[in-house]
Amino acid sequence: QVQLVESGGGLVQPEGSLRLSCVASGSISRINAMGWYRQATGKERELVAAISSDGRLNYVDSVLGRFTISRDNAKKTVHLQMNSLKPGDTAVYYCHADVVVVGLYYGIEYWGKGTLVTVSS
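We now turn to the structure provided with this report.

Conventions we followed
- Residues numbered from 1 in each chain as written.
- Predicted model: local features only at pLDDT ≥ 70, side-chain atom pairs only at ≥ 80, totals over all residues.
- Heavy atoms only, no water.
- Helix = DSSP H or I, 4+ residues; strand = E, 2+ residues; numbered from the N terminus.
- Rg over C-alpha atoms; globule rule 2.2 N^0.38 Å.
- Buried < 20%, exposed > 50% of the residue type's maximum accessible area, 1.4 Å probe, protein only.
- Contact = heavy atoms within 4.5 Å.
- Areas by Shrake-Rupley, 256 points an atom, 1.4 Å probe, with all protein chains shown as cover.
- Lys, Arg positive; Asp, Glu negative; His and termini not counted.
- Charge placed at Lys NZ, Arg CZ, Asp CG, Glu CD.
- Disulfide = S-S within 2.5 Å.
- Pairing = 2+ DSSP bridges.
- Salt bridge = Lys/Arg side-chain N within 4 Å of Asp/Glu carboxyl O.

## Focus on the overall build of the chain
Counting its regular elements, the chain contains zero helices and eleven strands. Going from N to C terminus, the chain has its helices and strands arranged as β-β-β-β-β-β-β-β-β-β-β. A globule of 121 residues ought to have a C-alpha radius of gyration of about 14 Å, and the chain, at 14 Å, matches this closely. On the principal axes, the C-alpha backbone points of the chain span a range of 50 × 25 × 25 Å. Counting the 121 residues in the chain, one finds 40% classified as buried. Counting only contacts in the chain whose residues sit at least 6 apart along the sequence, the fraction spanning at least 24 positions is 55%. Approximately 6,600 Å² of the chain is accessible, and the part contributed by carbon and sulfur atoms is 49%. Seen as two clouds, the 12 positive and the 10 negative side-chain charges of the chain have centres 5 Å apart.

## Points about the state of the cysteines
Each disulfide is one covalent bond, formed between the sulfur atoms of two cysteines. Within the structure shown, the criterion is met by one disulfide. Residue pairing for Cys22: its cysteine sulfur links by disulfide to Cys95, the two sulfurs lying 2.1 Å apart. Note on the Cys22 and Cys95 pair: the S-S dihedral is about -80°, so by sign convention the disulfide is left-handed. Residue Cys22 is found in strand 3 (residues 18–26), and its partner Cys95 is found in strand 9 (residues 91–101); the two are separated by 73 residues along the sequence. For Cys22, a relative accessible area of 1% translates into the label buried. Cys95 sits in the buried class, given a relative accessible area of 0%.

## Concerning the pairing of strand 8 (residues 77–82)
Across the six residues of strand 8, five count as buried, placing the element largely inside the fold. By the bridge criterion, six bridges tie strand 3 to strand 8 in an arrangement that is antiparallel. Looking at the pairing, Val23 lines up with Thr77 of strand 8. As paired strands, strand 7 (residues 67–72) and strand 8 are joined by six bridges and run antiparallel to one another. Within strand 8, the position partnered with Phe67 by the bridge is Met82. Turn length for the strand 7-strand 8 hairpin, with the two strands adjacent in sequence and antiparallel, is four residues, and the turn residue Lys76 shows positive phi of about 55°.

## Some details on the pattern of salt bridges
With the rule as written, the count across this model stands at four salt bridges. Salt-bridge contacts for Asp54 lead to Arg56; the nearest nitrogen and oxygen are separated by 3.0 Å. Across the pair Asp89 and Arg66 runs a salt bridge, and its minimum N-O distance is 2.8 Å. One end of the pair, Asp89, is in the loop between strand 8 and strand 9; the other, Arg66, is in the loop between strand 6 (57–59) and strand 7, and 23 residues separate them in sequence. Of the two residues, Asp89 and Arg66, neither departs from the other in class, the shared state being buried.

This is the structure:
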(Lines give C-alpha, C1' and ligand atoms only; values in the text may rest on other atoms or scores of the structure.)
Protein backbone atom coordinates (compact mmCIF):
# COMPACT_ATOMS: atom_id res chain seq x y z
CA GLN A 1 0.00 0.00 0.00
CA VAL A 2 1.00 3.58 -0.62
CA GLN A 3 0.07 6.55 1.50
CA LEU A 4 0.30 10.25 0.73
CA VAL A 5 0.20 12.54 3.75
CA GLU A 6 -0.17 16.30 3.36
CA SER A 7 0.74 19.01 5.81
CA GLY A 8 0.96 22.79 5.92
CA GLY A 9 -2.58 24.00 5.37
CA GLY A 10 -4.28 26.59 7.52
CA LEU A 11 -5.70 30.09 7.71
CA VAL A 12 -3.78 32.94 6.11
CA GLN A 13 -4.56 36.54 5.29
CA PRO A 14 -4.73 37.75 1.69
CA GLU A 15 -1.27 38.30 0.20
CA GLY A 16 0.16 35.88 2.74
CA SER A 17 2.12 32.69 2.10
CA LEU A 18 1.83 29.01 2.92
CA ARG A 19 3.93 25.98 2.09
CA LEU A 20 2.26 22.63 1.58
CA SER A 21 4.19 19.40 1.82
CA CYS A 22 3.32 15.83 0.93
CA VAL A 23 5.30 12.71 1.70
CA ALA A 24 4.75 9.35 0.07
CA SER A 25 5.38 6.09 1.89
CA GLY A 26 4.88 2.38 1.29
CA SER A 27 6.05 -0.20 -1.22
CA ILE A 28 7.24 2.29 -3.81
CA SER A 29 9.45 1.35 -6.71
CA ARG A 30 9.24 4.67 -8.51
CA ILE A 31 7.13 7.82 -8.49
CA ASN A 32 6.25 9.32 -11.84
CA ALA A 33 4.35 12.63 -11.78
CA MET A 34 3.46 14.31 -8.49
CA GLY A 35 1.15 17.23 -8.08
CA TRP A 36 -1.40 19.25 -6.20
CA TYR A 37 -5.09 19.56 -6.92
CA ARG A 38 -7.65 21.67 -5.15
CA GLN A 39 -11.38 21.65 -4.68
CA ALA A 40 -13.32 24.66 -3.52
CA THR A 41 -16.81 24.36 -2.10
CA GLY A 42 -19.30 23.75 -4.89
CA LYS A 43 -16.62 23.41 -7.56
CA GLU A 44 -14.89 20.55 -9.32
CA ARG A 45 -11.43 19.43 -8.36
CA GLU A 46 -8.80 21.13 -10.51
CA LEU A 47 -5.11 20.66 -11.13
CA VAL A 48 -3.04 23.38 -9.49
CA ALA A 49 0.49 22.28 -10.29
CA ALA A 50 2.32 19.15 -11.34
CA ILE A 51 5.93 18.07 -11.67
CA SER A 52 7.23 15.08 -13.60
CA SER A 53 9.97 12.76 -12.40
CA ASP A 54 12.46 14.68 -14.56
CA GLY A 55 11.31 18.09 -13.36
CA ARG A 56 8.90 19.27 -16.03
CA LEU A 57 6.38 21.69 -14.58
CA ASN A 58 2.74 22.43 -15.24
CA TYR A 59 0.63 25.11 -13.56
CA VAL A 60 -2.94 26.27 -13.85
CA ASP A 61 -2.94 29.81 -15.25
CA SER A 62 -4.47 31.36 -12.13
CA VAL A 63 -1.42 30.52 -9.97
CA LEU A 64 1.37 31.33 -12.42
CA GLY A 65 3.95 33.56 -10.81
CA ARG A 66 2.54 32.97 -7.32
CA PHE A 67 2.89 29.23 -6.67
CA THR A 68 5.97 27.06 -7.05
CA ILE A 69 5.99 23.28 -7.04
CA SER A 70 9.09 21.27 -6.20
CA ARG A 71 9.97 17.69 -5.31
CA ASP A 72 12.67 15.70 -3.60
CA ASN A 73 12.82 12.29 -5.23
CA ALA A 74 15.08 10.80 -2.56
CA LYS A 75 12.67 11.82 0.19
CA LYS A 76 9.57 11.04 -1.89
CA THR A 77 8.17 14.47 -1.14
CA VAL A 78 6.49 17.24 -3.10
CA HIS A 79 6.02 20.80 -1.95
CA LEU A 80 3.84 23.69 -3.02
CA GLN A 81 5.03 27.16 -2.07
CA MET A 82 2.07 29.51 -2.29
CA ASN A 83 2.68 33.25 -2.24
CA SER A 84 0.40 36.24 -2.71
CA LEU A 85 -2.56 34.14 -1.72
CA LYS A 86 -6.03 35.33 -2.66
CA PRO A 87 -9.44 34.47 -1.23
CA GLY A 88 -10.10 32.61 -4.47
CA ASP A 89 -7.34 30.17 -3.53
CA THR A 90 -9.42 28.92 -0.62
CA ALA A 91 -9.94 25.19 -1.09
CA VAL A 92 -9.00 21.75 0.09
CA TYR A 93 -5.66 20.91 -1.47
CA TYR A 94 -4.94 17.30 -2.38
CA CYS A 95 -1.61 15.67 -3.06
CA HIS A 96 -1.54 13.35 -6.07
CA ALA A 97 1.09 10.92 -7.26
CA ASP A 98 1.43 8.37 -10.01
CA VAL A 99 3.26 5.56 -8.26
CA VAL A 100 4.85 2.37 -9.54
CA VAL A 101 4.44 -0.10 -6.71
CA VAL A 102 7.09 -2.74 -6.06
CA GLY A 103 6.36 -5.77 -8.23
CA LEU A 104 4.40 -3.86 -10.88
CA TYR A 105 5.46 -2.15 -14.09
CA TYR A 106 2.77 0.51 -14.41
CA GLY A 107 1.73 3.48 -12.37
CA ILE A 108 -1.28 3.72 -10.09
CA GLU A 109 -2.81 7.01 -9.00
CA TYR A 110 -2.86 7.80 -5.30
CA TRP A 111 -4.39 10.70 -3.43
CA GLY A 112 -3.86 12.24 -0.05
CA LYS A 113 -6.77 13.04 2.25
CA GLY A 114 -6.43 16.76 1.66
CA THR A 115 -5.48 19.82 3.66
CA LEU A 116 -7.64 22.92 3.98
CA VAL A 117 -6.27 26.29 2.92
CA THR A 118 -8.37 29.29 3.90
CA VAL A 119 -7.44 32.76 2.70
CA SER A 120 -9.39 35.37 4.61
CA SER A 121 -8.93 38.59 6.54
